[in-house]
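So the chains spell out like this:
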Amino acid sequence: VLQEMAQKKILSAMVSITSFDDKLRQVMEPRTTTGKQRLRVIEELSKAGVRMGIMMGTMIPGLNEHEMQRIMKAARDAGAVSIKTFLTVLIKCGT
């Protein structure tokens, strides 16, 4: 069914990738698949003709934002053609 929809150009999908650091991923997204497993999904669906993209969220300065370029390159290499990202900015408030 997915291949048929992809051939008609009526299907696209996005996969979230927060980090390739498994310890960090387990804290930020407990009980989820690894970055490598998510890249495999992108690759397999892309090869089947599904237009794939990634959601990079939440990217936190000083925690995981340094991985953004590596995640984007790996996703592109796996077949992703679009990106959405959520960058969290922490503002210190106080007197």
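What you see is a predicted model, and the numbers here were worked out from it, not measured in a lab.

Reading the values: rules and limits
Residues numbered from 1 in each chain as written. Predicted model: local features only at pLDDT ≥ 70, side-chain atom pairs only at ≥ 80, totals over all residues. Heavy atoms only, no water. Helix = DSSP H or I, 4+ residues; strand = E, 2+ residues; numbered from the N terminus. Buried < 20%, exposed > 50% of the residue type's maximum accessible area, 1.4 Å probe, protein only. Salt bridge = Lys/Arg side-chain N within 4 Å of Asp/Glu carboxyl O.

A. Representation of the environment of Lys9 in the model. With respect to the helices and strands, Lys9 occurs in the loop between α1 (2-7) and β1 (12-16). Overall, Lys9 belongs to the exposed group, its relative accessible area being 73%. With 79 residues separating them along the chain, Lys9 and Thr88 place their C-alpha atoms 33 Å apart.

B. Layout of the pattern of salt bridges. This structure, assessed with the given rule, holds six salt bridges. One salt bridge in this structure joins Lys47 and Glu43, with 3.2 Å as the shortest N-O distance. Taken as a pair, Lys47 and Glu43 lie in helix α3 (residues 35-47) at a separation of four residues, close to a single helical turn. Note on Lys47: relative accessible area 68%, which makes it exposed. Among the ionic pairs, Lys73 bridges to Asp77, the shortest N-O distance being 2.8 Å. With Lys73 and Asp77 both in helix α4 (residues 68-78), this residue pair falls four residues apart, about one helical turn. A residue is classified by how much of its surface remains accessible, and Lys73, at 45% relative accessible area, is partly exposed. Beyond isolated ion pairs, a larger network of salt bridges with shared partners links Lys73, Arg76 and Asp77.

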